[in-house]
Number of protein chains: 2
Amino acid sequence: MRKVFRDVVTIDESRKLLFTHFKPERKTEVVPLHLATGRVLARDVYALTDVPPFDRATMDGYAVRAEDTFDAEEDNPVTLKVLGEVEAGKKPEVEVERGKAVEIATGAMVPKGANAVVMVEYTRRRGDEIDVFRPVSPGENIMYAGSDVMAGELIAREGTKLTHREIGLMAACGISEVEVYRKPRVAVISTGNELVRPGEKLEEGKIYDVNSYSIAAAVEENGGEAIIIGIARDNEEEMRSTIAKALKEADFVITSGSTSAGAGDVMYRILDDFNPGVIVHGIAIKPGKPAVIALSDSKPIFGLPGYPTSAMTVFEVIVAPIIREMAGITEKEGAKIRARLALKVFSAEGRREFLPVNVVEGCEGFSAYPVSGSYSGAVTAFAFTDGFVEIPESVVMLEEGEEVEVRLFSKLRPADLMIIGSHCIGVDILLSLLRKRKPYMSKVINVGSTGGILAVKRGEADVAGTHLLDESGVYNEPIIRKYGVKNAVLVKGYLREQGLIVAKGNPKTIAGFEDLLREDVTFINRNRGSGTRILTDMYLREIAERKEVSFQELTASIKGYNIEAKTHTSVAVAIASGKADVGVGIKSVASQYGLHFIPLRSEEYDFLIRKDRMEKPAVKDFLECLTSEEFAEKLEKVEGLRVYERTGEVISL
Amino acid sequence: MRKVFRDVVTIDESRKLLFTHFKPERKTEVVPLHLATGRVLARDVYALTDVPPFDRATMDGYAVRAEDTFDAEEDNPVTLKVLGEVEAGKKPEVEVERGKAVEIATGAMVPKGANAVVMVEYTRRRGDEIDVFRPVSPGENIMYAGSDVMAGELIAREGTKLTHREIGLMAACGISEVEVYRKPRVAVISTGNELVRPGEKLEEGKIYDVNSYSIAAAVEENGGEAIIIGIARDNEEEMRSTIAKALKEADFVITSGSTSAGAGDVMYRILDDFNPGVIVHGIAIKPGKPAVIALSDSKPIFGLPGYPTSAMTVFEVIVAPIIREMAGITEKEGAKIRARLALKVFSAEGRREFLPVNVVEGCEGFSAYPVSGSYSGAVTAFAFTDGFVEIPESVVMLEEGEEVEVRLFSKLRPADLMIIGSHCIGVDILLSLLRKRKPYMSKVINVGSTGGILAVKRGEADVAGTHLLDESGVYNEPIIRKYGVKNAVLVKGYLREQGLIVAKGNPKTIAGFEDLLREDVTFINRNRGSGTRILTDMYLREIAERKEVSFQELTASIKGYNIEAKTHTSVAVAIASGKADVGVGIKSVASQYGLHFIPLRSEEYDFLIRKDRMEKPAVKDFLECLTSEEFAEKLEKVEGLRVYERTGEVISL
């Protein structure tokens, strides 16, 4: 019998259950001052001494009794007898009496009897006498003991994250070590027979361990100390003893994987063997539902799901606040901004959803682009996005244009160059050249050609990469006009060779689209809306016209027409693995997988650029890179990509 | 002959001079992925493999040919033969043919022949057969190879500061180590015979070394690695060889101290001995003018002034950008905000001034409170302020209310509780109790009672601590009314015993203010505007009336009336050191210095609170602390402070 989730609890209930058994406790440690940068103070720190510890000269000159100088004038100086000299760091040996002065250096202790310092510039030395040309008032050029910091004064408060400012102040007060919160020690374990350590050889069916590294890094970002235990195999006894060992050296343990009902709910059984065992089994959160929380004595064990995005969502929502609490960090995590949703979104009722989004700033504020698809399996969902939108349990749909709150993963800084549109390896090459010129921060969001055009129209993107073929056979210009984009220009980019991809040696002797109609040929299609799909359908429509059948009739007779791969690579993989015989894609991917390529046409990959951004330095440099010799050379090295005579041509729309 | 500054150059000129001799160079190093958090990527990183590396099941269930399920219905299932099982991490041994299915686990590789996965929930197993109750479409519950990340895809760009997000993504692509920018190694040396290491005993005339610690911490905050060399004594040979040794292990060297003309300009001479030697001798910056920049071969040596605030200003303006450049950090330092100056400020013509300010948010935006006085000697100028205002070389005055730009030292977060006013140790006790209740962020700016009242009036402070005695003999209320504060209430605080402070044993047998008129008695006064000064003058005015002389006449006959100490401690120190015989101050300070205390009266230290902040949680908790048992007990332990029957009483204004 497969075990399914029972007793799924809300996020708040899971917290309540956890905190009835476990109180996050702050431990402290003493560190030397010079290692305390970035640490969090565990107690209020008071000054041990006055700063300055004595009345201190703030200028080079002569310590005097101010009263003696009251009659001094530029042309009628007062003459005082110099008794000696005080250097910085020395205790004065003399006392200043009426009519006397002592030479004094900046920072030196003002001798007894003196109540002011005359700057050297206003004196003239003659042997053991000086002429003073200006009067000083009592206290002038003296910094009194304790006037900066008073002994006993509170100089840094518990909970302060120490910077050079507090550290300097504590040094001034003679403090050489400080009590800070000890970073909570968190052991991180990944589970699963399919996991391989990055850097090692990947056998078929295996994947690299992501969670050990991303969770450990996130533990550290939240003020903890991560102990990477490594990968535990799907062997209950081994997993149990690994966790038990980890509990000994850590304040708590995070595992990931082996939580789903299908995997036999292994982690639940293992964690329930500890005492008191599992307290939460399933949380109403999306992604991340199968999470388990258990306790061994008073130490928690968090069993996160194996999917990286699910694991990280549960980590951020449930685990991170506990680490921060134990580390004494009171700052709120991540800033929040308000944005408008760029696309409609559906959410699951009864689960709180954390939807990864990209945020871009347009003329009318921020827009949030949700990351599409079943993203919990995708490692890019977190890595390439700016933050997430929290969708409450009761909400099942958010409309396009609806205002939402985005919790940012880090400080959102406006990119110097924002590119939204179709992805191409040529854009990556352009951006690497651009960065060589200046350290621009570019941001690329791949939403396809159509999405890019709309983003430029709305002012969210500076540049959109687009390769949309019109029925007239012209690339980009006609379709952009259809979308009514007027505030932009089209800059011609480069050529990308599209063709039919077939197995090595072309065993089924495919020559063109007509062969897709053959009984013995299986096709793999691309997703609707992609430039490649539009190209495919254009070829098929021609054939339908020629054969005088409807387009629907024609495509119904193509085996695999309804199988939609999302990327060029997926097409190549399907053909390489023998699942399909033919697909449409770009040449570079075909050769990467050792497949045969039958050229169809060169498509024009162009850049739509907002007019009001043409003068932006990053945009100007981007266009210079596009027409550079270096770009031409680099592009040539990628099979099927090349610049041509129109590269860089600007078309007004 | 003393050497004075020659050839003082502007900040921009100093940079130009430096960069004609020195090019900040970025070095790189390779670190394992799990140690890369927070480091800056030195080159673009491309995916080595597809993610996922194969077509992967996203659900537990059965791998099937979608076509076989098209007729499946809830009450008319399709039956398929189960050929076997694929676990995650294993290579499938079977191929799925028409009418067949293979049991598959989440994450496992989809076997050949299959093009969809039916979720286990929609099947029923019967021996080696399953009934399928719902159709699946091609591709359903499959994540195609490379659909997350394509091999060869750019996954992280040069210049990225690595977080858990990029680290997880790189792990997923099998990357086990990354090339990052090596942190520039910066040697830090303090110079001066007066310096003592924090933690060691402070002899008379000595002060603690601040700059080694604050500069090292600031080096690290800017992405460098600090090497603290320690204190070099004022011995030219020793200093030269210490610097020469430091240059061998560091990318560059920072010294502080020994730069002023008065100290014989030691550092200039030492640094000019290197080859090519000094290139900048004096910078038009305030504070920080005596800074020296030299080169030894191609390595710079920055000779910063000894005063902590001067040293840190030159560090921030000249050195920090170089460290950031070498560390590959392209983020701009510190945020900037616009604020109105709360006080008029004078600045030196011809020098660019960096004026430390406190920033508070009021009803009409931000106000910037300049830190007054000759702050370059004060360690608190940087530590207790929020940022600085850059005043150009040509500006000599900024008006109160003028809009300025403040460069923040760190993220400015609105404090939960903002207290501006007179400083008292009782407030420190209240805040430590408050923090025990909740991790509130409080901010305290000590500007004296009058400044506090005005800050509450303008909405910049929630609470002001005030102890102002009116001529009527009533504390606070009448004076606050005079200032026309109507949007606030006065909450009675506690009593603070003021009295005459005299030497131990009261050798001059002082009994009261009348004794100040004696020939053999020297008084030390407090600064105008302080509550203590107002109290002093009130007593003296009574005596003048009684003696029927003018107030001016009376005070002219008091020796030391014109010497103004700024704090209670300065008064105590003056008496302890024998510079004065008597002063006015609070009891706790007198006993701290072992002095004799003659009580005068208990002053009422009260809190002025804006009405619209009375419901703020931090204010409510603050008032609860004020009337708590614990506060009463803690206050009692400080000599001269105590709660009384009016503590907590609220007076409408």
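Residues numbered from 1 in each chain as written. Chains lettered and ligands numbered in written order. Predicted model: local features only at pLDDT ≥ 70, side-chain atom pairs only at ≥ 80, totals over all residues. Heavy atoms only, no water.

Caption draft 1: Geometry of the overall build of chain A. For chain A, the count of helices and strands is 17 helices and 38 strands. In summary, chain A has a C-alpha radius of gyration of 36 Å against a globular reference of 26 Å for 653 residues, an excess of more than 25%. For chain A, the spread of C-alpha atoms along the principal axes amounts to about 120 × 70 × 45 Å. Per-residue burial over chain A gives 58% buried out of 653 residues. Counting contacts in chain A only where the partners sit at least 6 residues apart, residues at least 24 apart contribute 74% of the total. For chain A, the computed accessible surface area is about 26600 Å², with 49% contributed by carbon and sulfur atoms. (Helix = DSSP H or I, 4+ residues; strand = E, 2+ residues; numbered from the N terminus. Rg over C-alpha atoms; globule rule 2.2 N^0.38 Å. Buried < 20%, exposed > 50% of the residue type's maximum accessible area, 1.4 Å probe, protein only. Contact = heavy atoms within 4.5 Å. Areas by Shrake-Rupley, 256 points an atom, 1.4 Å probe, with all protein chains shown as cover.)

Caption draft 2: Expanded view of the environment of leucine 430 of chain B. All names here are of chain B. Relative to the elements of secondary structure, leucine 430 occurs in helix α9 (residues 425-437). Residue leucine 430 is classed as buried on the basis of its relative accessible area, which comes to 0%. For the pair leucine 430 and glutamate 629, spaced 199 residues apart in the sequence, the C-alpha separation amounts to 12 Å. Contact partners of leucine 430, with chain neighbours within four places excluded, come to Phe607, Phe622, Cys625, Leu626 and Phe631.

Caption draft 3: Representation of the sheet that holds strand β21 (residues 299-304) of chain A in the model. All names here are of chain A. Reading across the sheet, the six strands line up as β16-β13-β17-β21-β20-β18 and stay open at both edges, with mixed pairing between neighbours. Looking along the sheet, the strands with just one partner apiece sit at the ends: β16 (225-232) and β18 (276-281). Between one strand axis and the next, the sheet turns through 20° on average, direction left out of account. With five bridges joining them, strand β20 (residues 292-296) and β21 adopt antiparallel strand pairing. Across the sheet, leucine 295 pairs through a bridge with proline 300, a residue of β21. (Pairing = 2+ DSSP bridges. Axes fitted to C-alpha atoms, helices over the stretch in contact; angles between N-to-C directions.)

Caption draft 4: Broad picture of the pattern of salt bridges. Residue and element names in this part refer to chain A. For the coordinates displayed, the defined rule picks out 96 salt bridges over all chains. Ionic pairing is found between arginine 646 and glutamate 649, a salt bridge with its closest N-O pair at 2.9 Å. On the accessibility criterion, glutamate 649 (33% relative accessible area) is partly exposed. When salt bridges with common partners are traced through the structure, they connect Asp12, Arg15, Arg352, Glu390 and Glu393 into a single cluster. (Salt bridge = Lys/Arg side-chain N within 4 Å of Asp/Glu carboxyl O.)

Caption draft 5: Inspection of the packing of helix α1 (residues 11-21) of chain A against helix α7 (residues 308-327) of chain A at higher detail. Residue and element names in this part refer to chain A. Across the interface, α1 lies against α7 with an axial gap of 11 Å and an inter-helix angle of 40°. Classified by the interaxial angle, the pair formed by α1 and α7 is oblique. In the packing of α1 onto α7, the handedness of the crossing is right-handed. Contacts between α1 and α7 involve Ile11, Ser14, Arg15, Leu18 and Phe19 on the former and, on the latter, Val317, Ile318 and Ile322. Residues that form the contact of α1 with α7 fall into these classes: six nonpolar, one polar and one charged. (Parallel < 35°, antiparallel > 145°, perpendicular 65-115°, else oblique. Left-handed = near helix turned anticlockwise from the far one by under 90°. Nonpolar A, V, L, I, M, F, W, Y, C, P; charged D, E, K, R; others polar.)

Caption draft 6: Spotlight on the relation of the copies chain A and chain B. Its rotation angle being 180°, the transformation that places chain A on chain B also includes 0.0 Å of axial translation and leaves an RMSD of 0.3 Å. Such a combination of turn and shift is consistent with a two-fold rotation axis. (Least-squares fit on C-alpha atoms with pLDDT ≥ 70 in both.)

Caption draft 7: Structural view of the interface of chain A and chain B. Every contact between the two is made by 113 residues of chain A and, on the other side, 112 residues of chain B. Both sides together, the interface formed by chain A and chain B hides about 9500 Å², and carbon and sulfur atoms give 57% of it. Its largest share of buried area at the contact with chain B, chain A owes to Arg157, His164 and Arg165 of chain A, together 8% of the area lost on that side. For the pair chain A and chain B, the number of links is two salt bridges. Glutamate 204 of chain B is paired through a salt bridge with lysine 91 of chain A; the nearest N and O atoms lie 3.0 Å apart. The tally of links between chain A and chain B comes to 15 residue pairs in polar contact (both at pLDDT 80 or more). Here the side of chain A that touches chain B gets seven residues from one element, more than from any other, and that element is helix α3 (residues 164-172) of chain A. Its residues assigned to classes, the side of chain A that touches chain B comprises 50 nonpolar, 33 polar and 30 charged. (Buried area = accessible area lost by both parts, 1.4 Å probe. Polar contact = N/O pair within 3.5 Å; in protein donor to acceptor, adjacent residues only side chain to side chain.)

Caption draft 8: Structural detail: the side chain of arginine 182 of chain B. All names here are of chain B. Following the sequence through the fold, arginine 182 ends up in the loop between β12 (177-181) and β13 (185-191). Polar side-chain contacts of arginine 182 include one of 2.3 Å to the side chain of aspartate 251. The residues contacting arginine 182, other than those within four sequence positions of it, are Lys27, Thr28, Glu29, Arg39, Asp251 and Met326.

Caption draft 9: Unusual backbone geometry, seen in detail. With an omega of -10°, the peptide bond between valine 51 of chain A and proline 52 of chain A qualifies as cis. Mapped onto the elements of the fold, proline 52 of chain A is located in the loop between β2 (45-46) and β3 (56-57). Following asparagine 275 of chain A, the chain continues into proline 276 of chain A via a peptide bond in cis, with omega recorded as 10°. Following the sequence through the fold, proline 276 of chain A ends up in strand β18. In this structure, threonine 509 of chain A is a non-glycine residue whose phi angle is positive, near 45°. Secondary-structure assignment places threonine 509 of chain A in the loop between β32 (488-502) and β33 (523-526). Looking at threonine 509 of chain A, the relative accessible area reads 58%, which means it is exposed. Not every positive phi belongs to a glycine, and asparagine 141 of chain B is a case in point at roughly 60°. On the secondary structure map, asparagine 141 of chain B appears in the loop between β9 (129-132) and β10 (142-143).

Caption draft 10: Region of interest: the side chain of threonine 123 of chain A. Residue and element names in this part refer to chain A. Mapping threonine 123 onto the fold places it in strand β8 (residues 123-126). Residue class for threonine 123 comes out buried when judged on its relative accessible area of 13%. The residues contacting threonine 123, other than those within four sequence positions of it, are Tyr62, Val118, Ile130, Asp131, Val132 and Phe133.

Caption draft 11: A look at a negative patch on the surface. Residue and element names in this part refer to chain A. A surface patch of negative charge is lined by Asp71, Glu73, Glu74 and Asp75. Within the secondary structure, aspartate 71 is located in the loop between α2 (66-69) and β5 (78-86). We classify aspartate 71 as exposed; its relative accessible area is 60%. (Patch = residues over 30% accessible without salt bridge, like charges linked within 9 Å, V, L, I, M, F, W, Y side chains within 5 Å. Lys, Arg positive; Asp, Glu negative; His and termini not counted. Charge placed at Lys NZ, Arg CZ, Asp CG, Glu CD.)

Caption draft 12: Main features of helix α9 (residues 425-437) of chain A. Residues and elements named next belong to chain A. Across its 13 residues, α9 extends 19 Å between first and last C-alpha, which sits within 8% of the 18 Å expected from 1.5 Å per residue. Along α9, ten of the 13 residues are buried, which leaves the element largely enclosed by surrounding structure. Of the residues making up α9, those classed as buried are Gly426, Val427, Asp428, Ile429, Leu430, Leu431, Ser432, Leu433, Leu434 and Arg435. (Expected span 1.5 Å × (residues − 1).)

Caption draft 13: The packing of aromatic side chains, seen in detail. Residue and element names in this part refer to chain B. A full pass over the atoms with the stated rule returns 16 aromatic pairs over all chains. Here phenylalanine 252 and phenylalanine 302 contribute two aromatic rings whose centre-to-centre distance is 5.4 Å and whose plane-to-plane angle is 80°, an arrangement assigned as edge-to-face. Placement of the pair is phenylalanine 252 in strand β17 (residues 252-256) and phenylalanine 302 in strand β21 (residues 299-304), with a sequence separation of 50 residues. Since its relative accessible area comes to 1%, phenylalanine 302 is described here as buried. With a centroid separation of 5.2 Å and an interplanar angle of 20°, the aromatic rings of tyrosine 494 and tyrosine 605 are classed as stacked. Linking tyrosine 494 in strand β32 (residues 488-502) with tyrosine 605 in strand β36 (residues 596-610), this pair joins segments that are 111 residues apart in sequence. The two residues tyrosine 494 and tyrosine 605 agree in class, both being buried. (Phe/Tyr/Trp six-rings, centres within 6.5 Å; stacked < 30°, edge-to-face > 60°.)

What is shown is where atoms sit, not what they do.
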